[in-house]
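The primary structure of each chain is shown beneath.
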Amino acid sequence: MPSKLVVGLDGHASGERALAHGMRLAELIGTCELLVVYVIEWSPFSFQTAEENAQRHKRREEEIAMAKSRVVDPAVQRVKSANIESRGIVKHGDVAQILNTVCEAEGAEQIIVARSSEGGFAKRFFGSSTSNLVMNATVPVTVVN
Amino acid sequence: MKLFPTLLALSATATAASAQEAMSLDERVNEVFANVTGPFVNLIFAPLPGTAFPWIVLWLVVAASIFTVYFGFVQFRFFGHAIRLVKGDYSDPDDAGEVSHFQALATALSGTVGLGNIAGVAVAVGIGGPGATFWMILAGLLGMASKFTECTLGVKYRNEYPDGTVSGGPMYYIQKGFNELGLPGGKILAVLFSIFCILGALGGGNMFQANQAHAQISGIVGAYPGWITGVIFAVVVFAVIIGGIKSIAHVTEKIVPFMGILYVGAALIILLANFDQIGWAFGQIFAGAFTGLGVAGGLVGALIQGFKRAAFSNEAGVGSAAIAHSAVKTKEPITEGFVSLLEPLIDTVVICTMTALVITISGQLIVDEATGRFVLNEAGTAIATIGDTSGVALTSAAFGTGISWFPYVLAIAVVLFAFSTMISWSYYGLKAWTYLFGEGKTTEIVFKVIFCIFIVIGAAASLGPVIDFSDAAIFSMAVVNIFCLYFLMKLVRKELRSYSSRLSAGEIKVYKN
């Protein structure tokens, strides 16, 4: 049974660095599957207009399709072209929570993410997704600079 | 449809009125509007023969009571379950990104929590005295069962289109439900409901909001013509619903809940600062509920006002909430019914009661010290108040006695509540409009333009005719909706029994504890 690693992508260059590090680790491990995960930030407790609610299912499908085609599928292709097994996963929710949940559900060894690209007030107030993940994850987390 | 003759009549009468050059534009709009809507208002609020009791109030209360008994006091039995549903305990994590129970509830609440809670309660207490609050609370508690019934049906019979969008509401459940039961007339009743829903959207969901927002702004900056506020509001609403400037709606949707919390917080502060009077205020509420305490119309006046304003505020039985709730992601339509019953509780039992207590405690209502009874105003139509205030101005003055700067915050809150309610009701009206005339860009824009025109009329007309028409329009929706709910409620009971037995057997999956 191959080892599994979870790589969190954010659609930015920092995510690419995390992916590169994940591929390097996978090569060192040998038999390893990379799970490329993209989380669309979403809260069930946010406020929306009635019109947005009516169109929500449609928007959700569009968001997932866009994340797959622009971020996840190219990343999975890149990993596979290096002869490493890979799957892409797109989910809505809290980044830190979803990465950890996927890791637990798949029985992965560790999570690899890049240092957060968030900044400003939000980061000071709520903490970044990366720091939340490091604080709360139930598996080892590697943070790539 | 009925709306076009009304508009034509409005325009014809407006032309005649323009000859009276001595009248201001606001006065002209007001006169024309009162004349055009008068017969409709009189029909809806006609008293029961030999009494002063409007038949429509009895219609709402009897329905809410029947639903309460028919569903075995569902609002109390499933209250805890409703909270767990809103918390997401039963939500499948794989459905993340879809509309949650919380979001459906919050959206529906943003359409109901607003001026009904601020201005409407002041009207109720101003006319019916503190005793109106008792009947308002009772109406709120009973109304939870009405809301449960209509919102369950709203989800069960919604339309789900191939592109993933949904449309729901009474017009859909009336037509489909009647078909399922093999009953005739479903389509006609659905069309009738849609016509009334459009009028309700233009009345309570639009004109009343614009009118009271103007009253609040002019109370702060000084008197100026209402049509100016109307035009400004119309432009902003136009920008959102036609121009697609979602950022304005997003900001409002985020600020409105904050304003709601601020409003309840301020009320709590005032009540805590006067905690020694809370017992007296509740005494007034109970005494006034059964004796009248010298208010206009006595005991019946308090009861009518309490029930009327509660229904206007929480819209239970009106059918509007079923449109808002129908977008939720759930495999069990009844779960949204449970969630929706929290709406009248939050809106009426909690927020309206807070407003009523603050007004009662503030001393704005003038009491004859010798008799302990309220003093009526000169016309004998309402309780005399300090500064002769009514509606939102009375609430503002009452909060001002506790927190001097709060009227400024309230002014902002009123404008935002008014705006958010308009956005919600523009959607409800649009759904009814597209049900009648079909989905399509041009049809939608026609309704949206009419909606914006009515904002200007609402801001320019005076409170009396606007509030009468708003009430009549909203309640006319309830006439059709409740009539149909009596036929459809057995479908809801079937759902309730099935879900209830599966819940007891532990067959309903819990995802979070």
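Along each chain, the written sequence defines residue order, and numbers are assigned to residues from 1. Chain letters and ligand numbers both follow the written order, the letters beginning at A and the numbers at 1. Totals for whole chains, interfaces and linings use every residue, but because this is a predicted model, local features are given only for residues with pLDDT of at least 70 and side-chain atom pairs only at 80 or more, for both listing and counting. The basis for every side-chain value is the complete set of non-hydrogen atoms in the structure, without hydrogens or water.

1. Notes on the overall build of chain A
Across its full length, chain A carries 5 helices and 5 strands. Compactness check: chain A gives a C-alpha radius of gyration of 16 Å against a globular reference of 15 Å for 145 residues, within 12% of the reference. The buried share of chain A, reckoned over its 145 residues, is 45%. By the convention used here, residues are in contact when the closest approach between their heavy atoms is within 4.5 Å. Of all intrachain contacts in chain A linking residues separated by at least 6 positions in sequence, the fraction that spans at least 24 positions is 75%. Only carbon and sulfur atoms are counted for the fraction: they give 52% of the accessible area of chain A, which is about 7600 Å². In this tally Asp and Glu are treated as negative and Lys and Arg as positive; neither His nor the chain ends contributes. Taken as the charge location is NZ of Lys, CZ of Arg, CG of Asp or CD of Glu. Between the centroid of the 16 positive side chains of chain A and the centroid of its 17 negative side chains there is a distance of 3 Å. Think of it this way: any DSSP run of H or I at least four residues long counts as a helix, any run of E at least two long counts as a strand, and we number them from the N terminus. Here the globule rule reads 2.2 Å times residues to the power 0.38, and the radius of gyration is calculated from C-alpha atoms. Only protein chains enter the accessibility calculation, which uses a 1.4 Å probe. A residue is then buried if its area is under 20% of the maximum for its type, exposed if over 50%, and partly exposed in between. Only the protein chains shown count as covering a residue, and every accessible area follows the Shrake-Rupley method with a 1.4 Å probe.

2. Some thoughts on the confidence of the model for chain B
pLDDT is a residue-level measure of predictor confidence that goes from 0 to 100. With 93% of its residues at a pLDDT of at least 70, chain B reaches an overall mean of 86. Summarising per-element confidence for chain B, the mean pLDDT is lowest in helix 1 (residues 3-17) of chain B (40) and highest in helix 9 (residues 170-181) of chain B (97).

3. Topic: a nonpolar patch on the surface
Residue and element names in this part refer to chain B. Residues Leu25, Trp227, Ile228, Val231, Ile232, Val235 and Val236 make up a contiguous nonpolar surface patch of about 560 Å² in total accessible area. Residue contributions to the nonpolar patch peak at 6 residues, all from helix 11 (residues 226-241). Residue position: isoleucine 232 is located in helix 11. By relative accessible area, which is 53% here, isoleucine 232 ends up exposed. Residues with no salt bridge and a relative accessible area higher than 30% make up the patches, which join like charges within 9 Å and nonpolar side chains (Val, Leu, Ile, Met, Phe, Trp, Tyr) within 5 Å. Salt bridges are defined by distance alone: a side-chain nitrogen of Lys or Arg within 4 Å of a carboxyl oxygen of Asp or Glu.

4. Regarding unusual backbone geometry
Residues and elements named next belong to chain B. Positioned with a positive phi, phenylalanine 73 is a non-glycine residue whose angle comes to about 55°. Even without being glycine, glutamate 315 reaches a positive phi, approximately 60°. Along the chain, glutamate 315 turns up in the loop between helix 14 (298-314) and helix 15 (320-325). Exposure remark for glutamate 315: the relative accessible area of 4% places this residue in the buried category.

5. So, the packing of helix 8 (residues 131-156) of chain B against helix 17 (residues 342-362) of chain B
All names here are of chain B. At a closest axis distance of 8 Å, the pairing of helix 8 and helix 17 adopts a crossing angle of 170°. It follows from the interaxial angle that helix 8 and helix 17 lie roughly antiparallel. Taken together, the residues of helix 17 that come into contact with helix 8 (itself represented by Thr133, Met136, Ile137, Gly140, Leu141, Gly143, Met144 and Lys147) are Glu343, Pro344, Leu345, Thr348, Val349, Cys352, Thr353 and Ala356. Classification used: nonpolar for Ala, Val, Leu, Ile, Met, Phe, Trp, Tyr, Cys and Pro, charged for Asp, Glu, Lys and Arg, polar for all others including Gly. Grouping the amino acids of the contact of helix 8 with helix 17 by side-chain chemistry returns 9 nonpolar, 5 polar and 2 charged. The axes used here are C-alpha line fits, helices contributing only the stretch in contact, and every angle between their N-to-C directions lies in the interval 0 to 180 degrees. Any angle from 65 to 115 degrees is called roughly perpendicular, while one under 35 is roughly parallel, one over 145 is roughly antiparallel, and all others are oblique.

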